[in-house]
Amino acid sequence: MSLSPPLSPARLDRFARHIVLPEIGGAGQVALAGKHIAVIGLGGIGSPALQYLAGAGIGRFTLVDDDVVDASNLQRQTIFTSRDIGHGKATSARRWLANFDDALEVNISDSRITAENVGDLIAGADLVLDGTDNFATRLAVSDACVAERVPLLSAAVGRFQGQVGAFAGHLVASPCYRCFVGDAFDAEDCDTCAEDGMLGAMAGWTGSFAAMQAVRVLLSGVSRFGQPMWGKLHILDGMTPGMRTLTIAKDPACKGCGQAA
Ligand SMILES: [Zn+2]
C-alpha cells in the first residue's frame, strides 16, 4: 500500500465537513483524493452525480459521452447551461469540472461506447458509474467491468422511478448487472426517456444517491462509511415517495460473470 500525501491546508478547508465526520475522517478524504472514477453517460444521472463526486474530492475522473447538449436536457442535466447547447457533453462536463475544482484530474471521451472500446475507457478505474440510457450500452459496460475487474454502479431513471445497483461480478459470490437483467436486452432498440418523460428532480435524486453509493464503495476498507453493498439494488420511488432495496442473486449461467464466461 502506498502512502498518500497529506492534504494541503486549502484542501483541508475545502473538505472540512467531510473530515469532521468520524465515518469519513481525514483518512477517508485522503483516500478519495487518490481514487479514479469513470462516469459513463453525462445526462440525467451523470450530471448531478458528477457534481457530488467532484464535491467529494475524488481525485481523478474519466468522463464518457458521445452526445451533444440539447435544450431539452437542461430541465434535469444540471451541469449544463444554455451556453452549452450544441456543444459536446464530455467537453462541457470537463469545462464544468475545471471551473469547479481545478485540482481534479480529468480525461474525457466523446466516442460512442461499444463492446470493443469500453474496456480501454474503464481500465484502471476504481469504480465505474454507468448512467447511460439504453440496455445494450449498459450490458457492454457491465461485461467490460467484469473483464477488467472494476466494480460497477449501474443507475437508471425514468418518469418517477430511479434505480441504483452495486455490482462486482468479478467476485465469485457477487452478481453482475447482466445477472440482474438477463441477455434479452442486448439489441439496441430498447427504451430511452424521450417518449416517457421524467421529473427533473427525480434524476437529481437518483444521481446524487448514486454519488453517495460511489463514495461508500470507494471508502470500502478505509473508513466506517465504506460498505459496497454488492448485489443490492435500490429502487427510488418519487410518487409515494419512498425507497425499496432488493438483493440480486448471482446467476451461475450468466454469460457476463458466470462459469460460462
Ligand atoms: Zn452476471
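On a predicted model such as this, the values are computed, not experimentally measured, just so you know. (Residues numbered from 1 in each chain as written. Predicted model: local features only at pLDDT ≥ 70, side-chain atom pairs only at ≥ 80, totals over all residues. Heavy atoms only, no water.)

**Some details on the coordination of the zinc ion**
Here is step 1: Those protein atoms acting as donors to the zinc ion are Cys176 (SG), Cys179 (SG), Cys254 (SG) and Cys257 (SG), and they sit at 2.3 Å.
Here is step 2: Of note is the zinc ion, whose four donor atoms meet at the metal with angles of 95 to 124 degrees in an arrangement that counts as tetrahedral.
Here is step 3: For the zinc ion, the single-chain donor residues occur in sequence as C-x2-C-x74-C-x2-C. Taken together, the residues Cys176 in the loop between β6 (161–167) and α8 (177–181) and Cys254 in the segment after β8 (242–247) connect sequence positions 78 residues apart. With respect to class, Cys176 is no different from Cys254; both count as buried. (Donors = N, O, S within 2.8 Å, 3.2 Å for Na, K, Ca; no water. Tetrahedral: all angles 85-135°; square planar, octahedral: opposite > 155°, others 65-115°. Helix = DSSP H or I, 4+ residues; strand = E, 2+ residues; numbered from the N terminus. Buried < 20%, exposed > 50% of the residue type's maximum accessible area, 1.4 Å probe, protein only.)

**Comments concerning the pattern of salt bridges**
Here is step 1: Evaluation of the coordinates by the stated rule reveals nine salt bridges.
Here is step 2: Note that Arg14 and Asp101 form a salt bridge whose closest N and O atoms lie 3.6 Å from each other. One end of the pair, Arg14, is in helix α1 (residues 9–14); the other, Asp101, is in the loop between α5 (89–100) and β3 (105–109), with 87 residues separating them in the sequence.
Here is step 3: In this structure, the salt-bridge partner of Lys89 is Asp67, at a minimum N-O distance of 3.4 Å. Separated by 22 residues along the polypeptide, Lys89 in helix α5 and Asp67 in the loop between β2 (60–64) and α5 bring together distant segments of the chain.
Here is step 4: In this structure Lys89 comes out as buried when scored by relative accessible area, which is 3%. (Salt bridge = Lys/Arg side-chain N within 4 Å of Asp/Glu carboxyl O.)

**Digging into the packing of helix α4 (residues 46–55) against helix α10 (residues 200–218)**
Here is step 1: With their axes 7 Å apart at the nearest point, α4 and α10 run at an angle of 40 degrees to one another. Regarding α4 and α10, the two cross each other, and that crossing is right-handed. The residues of α10 that touch α4, namely those facing Pro48, Ala49, Tyr52 and Leu53, are Ala203, Gly204, Gly207, Ser208, Ala211 and Ala214. (Axes fitted to C-alpha atoms, helices over the stretch in contact; angles between N-to-C directions. Left-handed = near helix turned anticlockwise from the far one by under 90°. Contact = heavy atoms within 4.5 Å.)

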